Amino acid sequence: MKKKFILPILVLLAAQLFAQTTNSPATTTVKAFTVQEAVDYALQFNTQVKNAKLGVDQAKWRNVEIYTTGLPQISGNFDYTYYFKQPIAPALSKIFSEGTLAKVFQTLATGNQSLGVPPNPAVAQVLMEGGNEAVSFVLPHNISTGLQVNQLFFDGRYVFGVKAAKELMLTARLQSQMSDVEIKYTVIKAYYQAAAAKEAIALLQENLKVIEKLTADTRATYQLGLIEELDVNRLELAQATLESQIALQKQMAEVAMANLKFQMGMPLNEELILKDKLDELKATVQVQDAVKQFEAKNRVEYDLLQSAIKLKGYDMRQKRVQYFPSLYGFLSYGWNSQSQNGSELFKKDSWFDQGLVGLTLKVPIFDSGSKLAQVKQAKLEQQKSVNDFENFKNAADLQYRAAQSSFAAALTDESNTRKAQELSKKIFDRNTIKYKEGVANSFELQQSEQEFVTNQLKYIQSTLNLLNTKADLDKALGTK
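Residues numbered from 1 in each chain as written. Predicted model: local features only at pLDDT ≥ 70, side-chain atom pairs only at ≥ 80, totals over all residues. Heavy atoms only, no water.

**A short note on the overall build of the protein chain**
For step 1, the next point in the chain: Of regular secondary structure, the protein chain possesses 12 helices and 6 strands.
For step 2, the next point in the chain: Counting over 480 residues, the protein chain shows a buried share of 35%.
For step 3, the next point in the chain: Intrachain contacts of the protein chain at a sequence separation of at least 6 include 84% that bridge at least 24 residues.
For step 4, the next point in the chain: A total accessible area of about 29,200 Å² is found for the protein chain, and carbon and sulfur atoms account for 57% of it. (Helix = DSSP H or I, 4+ residues; strand = E, 2+ residues; numbered from the N terminus. Buried < 20%, exposed > 50% of the residue type's maximum accessible area, 1.4 Å probe, protein only. Contact = heavy atoms within 4.5 Å. Areas by Shrake-Rupley, 256 points an atom, 1.4 Å probe, with all protein chains shown as cover.)

**Quick look at the packing of aromatic side chains**
For step 1, the next point in the chain: Applying the stated criterion across every chain yields a total of 6 aromatic pairs.
For step 2, the next point in the chain: Ring geometry for Phe33 versus Tyr41: centroids 5.3 Å apart, planes at 70°, classification edge-to-face. No difference in accessibility class separates Phe33 from Tyr41, as the two residues are buried.
For step 3, the next point in the chain: Arranged with centres 4.5 Å apart and planes meeting at 35°, the rings of Tyr41 and Phe45 form a pair that is tilted. Of this pair, Tyr41 and Phe45 both sit in helix H2 (residues 35-45), separated by 4 residues, roughly a single helical turn.
For step 4, the next point in the chain: According to the relative accessible area criterion, Tyr41 is buried, its value standing at 11%. (Phe/Tyr/Trp six-rings, centres within 6.5 Å; stacked < 30°, edge-to-face > 60°.)

**What about the side chain of Lys371?**
For step 1, the next point in the chain: Relative to the assigned elements, Lys371 resides in helix H11 (residues 370-436).
For step 2, the next point in the chain: Residue classification places Lys371 among the buried positions, given a relative accessible area of 17%.
For step 3, the next point in the chain: With residues up to four places along the chain from it excluded, the contact list for Lys371 reads Gln322, Tyr323 and Pro364.

**Overview of the nonpolar core**
For step 1, the next point in the chain: Judged by nonpolar contacts, the single largest core of 53 residues is most densely connected at Val187, Leu260, Met264, Leu272 and Leu274.
For step 2, the next point in the chain: Elements represented by at least two residues in this core include exactly H2, helix H7 (156-223), helix H8 (229-264), strand E4 (271-274), helix H9 (278-283), helix H10 (300-320), H11 and helix H12 (442-477).
For step 3, the next point in the chain: The dominant element in this core, judged by the number of residues it contributes, is H7, at 13 residues.
For step 4, the next point in the chain: When sequence neighbours within four positions are dropped, the list of residues in contact with Val187 reads Ala38, Val39, Ala42, Leu260, Gln263 and Met264.
For step 5, the next point in the chain: Within the second largest apolar cluster, 13 residues are counted, among which are Ile246, Phe428, Phe452 and Val453. (Core = buried A, V, L, I, M, F, W, Y, C linked by side-chain atoms within 4.5 Å.)

**With respect to the pairing of strand E5 (residues 326-339)**
For step 1, the next point in the chain: Relative to E5, strand E3 (residues 141-154) runs antiparallel, the two being bridged by 13 bridges. Across the sheet, Gln148 pairs through a bridge with Ser332, a residue of E5.
For step 2, the next point in the chain: As judged from the 12 bridges shared by E5 and strand E6 (residues 351-362), these two strands associate in the antiparallel manner. In the sheet register, Ser332 faces E6, and the bridge partner there is Leu356. (Pairing = 2+ DSSP bridges.)

**Here we look at the packing of H10 against H11**
For step 1, the next point in the chain: Running from N to C, H10 and H11 cross one another at 170°; their axes reach a closest spacing of 8 Å. It follows that H10 is roughly antiparallel to H11 by the angle criterion. Where H10 approaches H11, its residues Glu301, Tyr302, Leu305, Gln306, Ala308, Ile309, Lys312, Gly313, Asp315, Met316, Lys319 and Arg320 are matched on the opposing element by Gln374, Val375, Ala378, Lys379, Glu381, Gln382, Ser385, Val386, Asp388, Phe389, Phe392 and Lys393.
For step 2, the next point in the chain: Taken together, the residues of the contact of H10 with H11 sort by class into 10 nonpolar, 5 polar and 9 charged. (Axes fitted to C-alpha atoms, helices over the stretch in contact; angles between N-to-C directions. Parallel < 35°, antiparallel > 145°, perpendicular 65-115°, else oblique. Nonpolar A, V, L, I, M, F, W, Y, C, P; charged D, E, K, R; others polar.)

In C-alpha cells:
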C-alpha cells in the first residue's frame, strides 16, 4: 500500500526537479552536507518544523490571552441619539390627580403652614396651565459618553484555565520536539537513499569501463579473424545492459536527491553534494545497538500523551467549577448632554456627570443538568486519553521489537551479501584473466560479469537496508 503512494510522490518530485532545472538560471548554488549537517539544515528550513515552532509562539500568545482575562478590562463609549419623535408622558393632570406624588405637588403649590411650606406660584402655574397637556421629558439631541472598568475577583474556570495554559505551553513544545524527530529520521533515510543511488552509479560506471575495454579488445581480435563474432556480440550485450542500468540508476538518483532536498526544505534548483559515503555511514553502525534496552518514557510521545491527560483533567475540572459562584466588580463614570438644538450639545452648562461602582455575584441555581452533561463528557475524554497512553506504551514496545528484529536481520543480510559480492568479484576477475589468455570463452565472462553487477547492487541495497533499520531502531528507542 505504501508503494502505491510513494511512486506518485517521487514522480511528482522528479517532474518538479526537471521543470526547475529547465527554467532556472545558469548559475546555481552548490552546497555540500554530511548527514548531520543535512538534519541541522532541515531543522531550520523544513516547513513542518517552521509550523511547529509557530505553534509554540501561538501557544505563548494563547497563554497571554488566558492570563489577561483576569486583569482589569477598561472600555469607553460615546453614543449620540437624535429623537425625531420624542417619547410623550401623560398629561400632568393625570400624573398629579391622585397618589402621594399629587399630594406633594399640591402642597408645594398651595403651601402648608403646619409644615412651614410657603405657597409656590410657579408650581401652581404649571399645574394650572399644563395640567391637561401631554409632556416629554426627553430633548431631541442626546450625547452619552463614559468609561467602565471591570475586574474579575473570583471564577473557578479562570483558576483552572491558568493551570491548563501552562500545560498547553508544554504540549506545544513537545509537539515541536516530535516534529523535529520525525523530520530528522525522514531526512536521514532520504540521505541514505541518495547516497546509495550515487554509490550504485559509481560502481556500475567502473564496471562499464572494464567491459568497454574488453569489448574493444575483443572486437580488435575478431577483426584479425582469431575469434567468432558471437564473442563480440556477447560483450556488446553486456555493455548495453550496463549502460541501461546506469541510465536507470541516474534517474533514481535524481529522484532521490530531489526528495532529500524537499525533506530538507532546500530549493530544488540548488545543487547538493553528499559528503558522507555509504561505507563511511555503515562504519558508524554498531552490532551491540541491537540489544539496547527499551524505555517508553524516552519517546517524545510518552510526555505528549501524559500532557494530554492533564489537559483533559483541567478541562473536566473547569466544567465542574461552573457550579461555583463567580464575583465581578465594576466601576463606571460618564457624562451626558441633552439639548433642544444640536449646536448647544457641547456647551459647558449642558453636561452632567455621573459615576457608580458595584459588584456582580452570579450564583448557578438550576440548569436542568447541562453542566453535569459537560462534566461527564470531559471525564470520558480524559479516559480516552488514558487509554491512548496505555495503547502507546504497548505499541511503542511492539515497534521496538519489530525494529530490533529487522536490524538483526539486516546485519546478517549485509554480511552475506558482502561475502557474495566479494566472491563474485573474484570470479569475474579470474574469468577476465582467463578470457584474455584464451582459456575462458565470452559466455563465461558475460555470466560472471552479470553476477558481479547483480551482487554489487544487492550489496548496496543490503547496506541501505541496514542503515534504514538502524534509523528505525533509534527512532523506536527514542534516540534524540
